[in-house]
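Structure at a glance
One letter stands for each residue in the lines below.
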Amino acid sequence: MEDVLGYKGKSVVVTGAASGMGQAAAQILVDLGARVTALDINPTTVDVDRALTIDLRDRANIETVAASIDGPVDGLFSCAGLPGPPFSEWDTILVNFVGARHLAEQLVPKMADGSSISVISSSAAIGWQDHIKVITELLETDGFDAAVEWLTANEKKWSWSGYAYSKYIIDAWVGWWYPELGRKGIRINAINPGPTETAMMPAFQDLMGKETVDQAIGPVGRYSTPEEQAWPLVCLGSPRLSYVGGEVLWTDGGWNGAMTMGRHEAKWADTAAGEMSKNG
Ligand SMILES: NC(=O)c1ccc[n+]([C@@H]2O[C@H](COP(=O)([O-])OP(=O)(O)OC[C@H]3O[C@@H](n4cnc5c(N)ncnc54)[C@H](O)[C@@H]3O)[C@@H](O)[C@H]2O)c1
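We now turn to the structure provided with this report. No experiment lies behind these values; they were computed from the predicted model shown.

**Topic: the overall build of the protein chain**
What the protein chain contains, in helices and strands, is 12 helices and seven strands. For 280 residues, the compact-globule formula gives about 19 Å, and the C-alpha radius of gyration of the protein chain, at 18 Å, lands near that figure. Based on the C-alpha atoms only, the size of the protein chain along its principal axes is roughly 45 × 40 × 35 Å. In the protein chain, which comprises 280 residues, the proportion classed as buried is 53%. Across the protein chain, the centroid of the 21 positively charged side chains sits 3 Å from that of the 35 negatively charged ones.

Written out as structure tokens, the structure reads:
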């Protein structure tokens, strides 16, 4: 069978294409014959069709870049992200969710029946279902400025970790938005990666300590490579997965399953959930 994943000649947009998982996804999509538009605040080394600079913290810039992308867009791969410190909690929530959502909303009018949005969340989203009320308040905001307004008025509810909150909300967002997108034949899904060897990893290790990060290693027994995250993301976005929507795929080497069954302990997950309950 040729063109197994159905990307040949398809037009796709990849954010975060300068590094890590986004770079790996852009390369795989080029190799699969897609026409790739790469978006990042930094330059990409992948030999894509078109590379544009974008700052996902900047509403006007997102709109200008989105307007410059011709439709139809068959796939959006939302991979850009910040880890929290040393970056501010504000920049982190803006890049990881507010800007990512705004870009997706700008591109949806250019997406036809059969297209898809695939987002990178994180295994840090574990337990998001316990906090639906506070997550929904931000999900219900209409657009970039309204989201910033809510975040400003409710800083205490999320600023204990812009990273964890952004990942909680992405896992919720795919289920929240799919009922609307599905009517247009557009799918949205996410992956929840475990620890991965990318440029972001030192920031996690500096913040939490390597020992704590390593508690999120699943039964597979090691960190993943960027390609091991990019492949499931690219598979989720493939038209072959036409019956998979509003779904979160745990790409964590089995960690979530083991946690759920009480076969693995991770102290930081308890801490994150505790902070959310205290403040949310
Ligand atoms: N590395 C891990 O262990 C891990 C684990 C779970 C989830 N994730 C998530 O995976 C995704 C990809 O991260 P990665 O590990 O490949 O890290 P990375 O640092 O290698 O890549 C992140 C990319 O986002 C881009 N970016 C940052 N700020 C931007 C902005 N303002 N506008 C546009 N682009 C911007 C960066 O330039 C970079 O190319 C992120 O959402 C991250 O939260 C990472």
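**So, the packing of helix H3 (residues 89-107) against helix H5 (residues 144-153)**
Where H3 contacts H5, the two axes come as close as 10 Å, and the packing angle between them is 150°. Regarding the angle of H3 to H5, the classification is roughly antiparallel. For H3 against H5, the interelement crossing comes out right-handed. Of the residues in H5, those in contact with Trp90, Ile93, Leu94, Val98, Gly99, Arg101 and His102 of H3 are Phe144, Ala147, Val148, Leu151 and Thr152. Grouping the amino acids of the contact of H3 with H5 by side-chain chemistry returns eight nonpolar, three polar and one charged.

**Remarks on the site of the ligand**
As a matter of local geometry, the ligand sits amid 31 residues, with Ser19, Met21, Asp40, Thr196 and Thr198 nearest to it. Between aspartate 40 and the ligand, the recorded distance is 2.5 Å, taken from a side-chain N or O atom to an oxygen atom. Classifying every residue of the shell around the ligand by side-chain character gives 17 nonpolar, 10 polar and four charged.

**Brief notes about the pairing of strand E5 (residues 116-120)**
If a strand is regular, its side chains alternate between the two faces of the sheet. Among the five residues in E5, five count as buried, and that is most of the element. Burial along E5 is two-sided: the face carrying Ser116, Ser118 and Ile120 and the face carrying Ile117 and Val119 are both buried. Sheet topology note: the strand E4 (residues 75-78)/E5 ladder contains four bridges and is parallel. Paired with phenylalanine 77 across the strands is serine 118, a residue of E5. Following the chain from E4 across H3 to the adjacent parallel E5, one finds a crossover that is right-handed. Inspection of the sheet shows E5 paired to strand E6 (residues 187-193) by five bridges, in the parallel sense. The partner of serine 116 across the bridge, within E6, is arginine 187.

**Things to note about helix H1 (residues 20-31)**
Here H1 contains 12 residues, and its C-alpha end-to-end distance of 17 Å stays within 8% of the 16 Å for a straight helix at 1.5 Å per residue. Those residues of H1 lying buried are Gly20, Met21, Gly22, Ala24, Ala25, Ala26, Ile28 and Leu29. In this fold, the buried residues of H1 make contact with strand E1 (11-15), strand E2 (35-40), E4, E5, E6 and helix H10 (226-237).

**Let's talk about the environment of proline 179**
Turning to its location among the elements, proline 179 is positioned in helix H7 (residues 162-182). Residue proline 179 is classed as partly exposed on the basis of its relative accessible area of 47%. With 67 residues separating them along the chain, proline 179 and glycine 246 place their C-alpha atoms 8.0 Å apart.

**Concerning the packing of aromatic side chains**
For the structure on display, the rule yields six aromatic pairs. Ring geometry for phenylalanine 97 and tryptophan 173: centres 5.5 Å apart, planes at 90°, overall edge-to-face. Of the two residues, phenylalanine 97 is situated in helix H3 and tryptophan 173 in helix H7; the sequence distance between them amounts to 76 residues. Of the two residues, phenylalanine 97 and tryptophan 173, both sit in the buried class. Note on tryptophan 150 and tyrosine 165: the rings are 6.3 Å apart at their centroids and 10° apart in plane angle, and the pair reads as stacked. Separated by 15 residues along the polypeptide, tryptophan 150 in helix H5 and tyrosine 165 in helix H7 bring together distant segments of the chain. Given a relative accessible area of 11%, tryptophan 150 falls into the buried group. What makes tyrosine 165 buried here is its relative accessible area of 0%.

**Quick word on unusual backbone geometry**
Geometrically, the link from glycine 71 to proline 72 is a cis peptide bond, its omega value of -5° lying close to zero. Tracing the sequence through the fold places proline 72 in the loop between helix H2 (59-67) and E4. For the bond from proline 85 to proline 86, the omega torsion is 15°, close enough to zero to count as cis. Looking at where proline 86 falls in the secondary structure, it is placed in the loop between E4 and H3. With a phi angle near 50°, aspartate 3 is a residue other than glycine that sits in the positive phi range. Mapping aspartate 3 onto the fold places it in the segment before E1. A relative accessible area of 29% places aspartate 3 in the partly exposed class.

Cut-offs applied
- Residues numbered from 1 in each chain as written.
- Predicted model: local features only at pLDDT ≥ 70, side-chain atom pairs only at ≥ 80, totals over all residues.
- Heavy atoms only, no water.
- Helix = DSSP H or I, 4+ residues; strand = E, 2+ residues; numbered from the N terminus.
- Rg over C-alpha atoms; globule rule 2.2 N^0.38 Å.
- Buried < 20%, exposed > 50% of the residue type's maximum accessible area, 1.4 Å probe, protein only.
- Lys, Arg positive; Asp, Glu negative; His and termini not counted.
- Charge placed at Lys NZ, Arg CZ, Asp CG, Glu CD.
- Axes fitted to C-alpha atoms, helices over the stretch in contact; angles between N-to-C directions.
- Parallel < 35°, antiparallel > 145°, perpendicular 65-115°, else oblique.
- Left-handed = near helix turned anticlockwise from the far one by under 90°.
- Contact = heavy atoms within 4.5 Å.
- Nonpolar A, V, L, I, M, F, W, Y, C, P; charged D, E, K, R; others polar.
- Near = heavy atom within 4 Å.
- Polar contact = N/O pair within 3.5 Å; in protein donor to acceptor, adjacent residues only side chain to side chain.
- Pairing = 2+ DSSP bridges.
- Right-handed = clockwise from strand over helix to strand, strands pointing away.
- Expected span 1.5 Å × (residues − 1).
- Phe/Tyr/Trp six-rings, centres within 6.5 Å; stacked < 30°, edge-to-face > 60°.

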